[in-house]
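The lines below spell out each chain.
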Amino acid sequence: MKYIHLIIGMICLFLNIAICLIFDCAGNHVLIISSLVIITTTLINHFTGAIDIKDGFKVALPFFFTFIGLVEYSLSFFVDESLKNDGFLVGIICLFALQVCVLIISALVSRTDSQQKPHY
């Protein structure tokens with residue numbers, strides 16, 4: 001059960017590769033960017049379960065990260081081939097940075113909250 005996020009992520013990655021290779025309209029840049037989005041979302045969801053955070057965060061954050069990952073995945077289909085001056089790519093990078101920041105803040109809040117509790 002620990003590795004369920006990784007298993008689901010690998011299945012989604014294989015499906016993404018198969019679908020992008022079947023459809024000619026999706027270029028190689030779409031395949032690479034969408035695959036990276038799936039990999040990063042999978043790893044962030046796995047780290048959420050692996051690090052020591054409060055149980056409420058462990059339940060809620062994977063839903064939040066998966067939703068953000070779906071938004072990033074949909075944005076990856078609009079990224080231009082040249083990758084220059086592309087707002088969609090900037091949006092994907094900003095959303096990834098948001099995911100990392102939320103994970104770090106959640107870990108810090110969980111750690112400081114557990115240190116401030118009185119021990120009886």
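The following refers to the structure shown. Predicted, not measured: the structure shown is a model, and the values here were computed from it.

### Side note on the overall build of the chain
Link 1 in the chain: Helix and strand counts for the chain stand at four helices and zero strands.
Link 2 in the chain: Sequence-ordered secondary structure for the chain, helices as α and strands as β, is α-α-α-α.
Link 3 in the chain: Across its three principal axes, the chain shows a C-alpha extent of roughly 65 × 35 × 15 Å.
Link 4 in the chain: Expressed as a percentage of the 120 residues in the chain, the buried residues total 30%.

### Quick word on the side chain of Ser-34
Link 1 in the chain: Topologically, Ser-34 is positioned in helix α2 (residues 28-50).
Link 2 in the chain: In terms of polar contacts, Ser-34 uses its side chain to reach the side chain of Asn-16, at 3.0 Å.
Link 3 in the chain: A distance of 3.3 Å separates the side chain of Ser-34 from the backbone oxygen of Leu-31, its partner in a polar contact.
Link 4 in the chain: Contacts of Ser-34, omitting those with residues within four sequence positions, involve Asn-16, Cys-20, Tyr-73 and Ser-76.

### A closer look at the layout of surface pockets
Link 1 in the chain: The calculated volume of the largest pocket comes to roughly 390 Å³.
Link 2 in the chain: Around the largest pocket, the lining comprises 18 residues; the ones closest to its centre are Ile-8, Cys-12, Ile-38, Thr-41 and Thr-66.
Link 3 in the chain: Put simply, the parts of the chain that give the lining of the largest pocket at least two residues each are α1 (4-22), α2 and α3 (55-76).
Link 4 in the chain: Broken down by element, the lining of the largest pocket gets its largest block of residues, seven residues, from α1.
Link 5 in the chain: Tallied by class, residues from the lining of the largest pocket come to ten nonpolar, eight polar and no charged.
Link 6 in the chain: When its volume is computed, the second largest pocket comes out at roughly 160 Å³.
Link 7 in the chain: Along its surface, the second largest pocket is lined by Ile-33, Leu-36, Val-37, Thr-40, Glu-72, Leu-89, Ile-92, Ile-93 and Phe-96.
Link 8 in the chain: For the lining of the second largest pocket, the elements supplying multiple residues, two or more each, are α2 and α4 (87-116).
Link 9 in the chain: A class-by-class count of the residues in the lining of the second largest pocket yields seven nonpolar, one polar and one charged.

### Describing α3
Link 1 in the chain: Taking 1.5 Å per residue, 22 residues should reach 32 Å; α3 reaches 32 Å between its end C-alpha atoms and fits that length.
Link 2 in the chain: Within α3, the axis deviates most sharply at Leu-61, by approximately 30°, and proline Pro-62 lies no more than four positions further along.
Link 3 in the chain: Turning to α3, its buried residues are Leu-61, Pro-62, Phe-65, Ile-68, Gly-69, Glu-72, Leu-75 and Ser-76.
Link 4 in the chain: Looking at the packing, one finds that the buried side of α3 touches α1, α2 and α4.

### Describing the side chain of Glu-72
Link 1 in the chain: With respect to the secondary-structure elements, Glu-72 resides in helix α3.
Link 2 in the chain: Buried and unpaired, Glu-72 has Lys-58 as its nearest opposite-charge partner, separated by 22 Å.
Link 3 in the chain: Of the polar contacts made by the side chain of Glu-72, one reaches the backbone nitrogen of Phe-96; its length is 2.9 Å.
Link 4 in the chain: Once residues within four sequence positions are removed from consideration, Glu-72 is found in contact with Val-37, Thr-40, Thr-41, Ile-92, Leu-95, Phe-96 and Gln-99.

Scoring rules and cut-offs
- Note that residues are indexed from 1 along each chain, following the sequence as it is written.
- Given that the model is predicted, a residue must reach a pLDDT of at least 70 before its local features are reported, and side-chain atom pairs must reach 80 or more before they are shown or counted; all residues, however, enter totals for whole chains, interfaces and linings.
- Excluded from the side-chain calculation are hydrogens and water; included are all heavy atoms of the structure.
- Labels follow the DSSP assignment, with helices taken as runs of H or I lasting at least four residues and strands as runs of E lasting at least two, numbered in each case from the N terminus.
- Each residue gets one of three labels from its accessible area relative to the maximum for its type: buried under 20%, exposed over 50%, partly exposed in between, using a 1.4 Å probe on protein chains only.
- For this analysis, a polar contact is any N or O atom pair within 3.5 Å, provided that within protein one partner can donate a hydrogen and the other can accept it, and provided that sequence-adjacent residues contribute only side-chain to side-chain pairs.
- Residues count as neighbours in contact if any of their non-hydrogen atoms are within 4.5 Å of one another.
- Of the grid points, spaced at 1 Å and generated over the protein atoms alone, those admitting a 1.4 Å probe that cannot get out make up cavities, while open sets with protein on both sides within 12 Å along at least five of seven lines make up pockets; any residue with an atom within 4 Å of a point is treated as lining.
- Grid points are joined across faces, edges and corners, and a volume is the space filled by probe spheres set on the points.
- Side-chain classes are defined by residue name, with Ala, Val, Leu, Ile, Met, Phe, Trp, Tyr, Cys and Pro counting as nonpolar, Asp, Glu, Lys and Arg as charged, and the others, Gly among them, as polar.
- Helix span, as expected, comes to 1.5 Å for every residue beyond the first.
- The seven residues ending at a residue and the seven starting there each receive a fitted axis; the angle between those axes is the bend at that residue.
- Just so you know, the count uses Lys and Arg for positive and Asp and Glu for negative, and it drops His and the chain ends.
- Every case where a carboxyl oxygen of Asp or Glu lies within 4 Å of a side-chain nitrogen of Lys or Arg is listed as a salt bridge.

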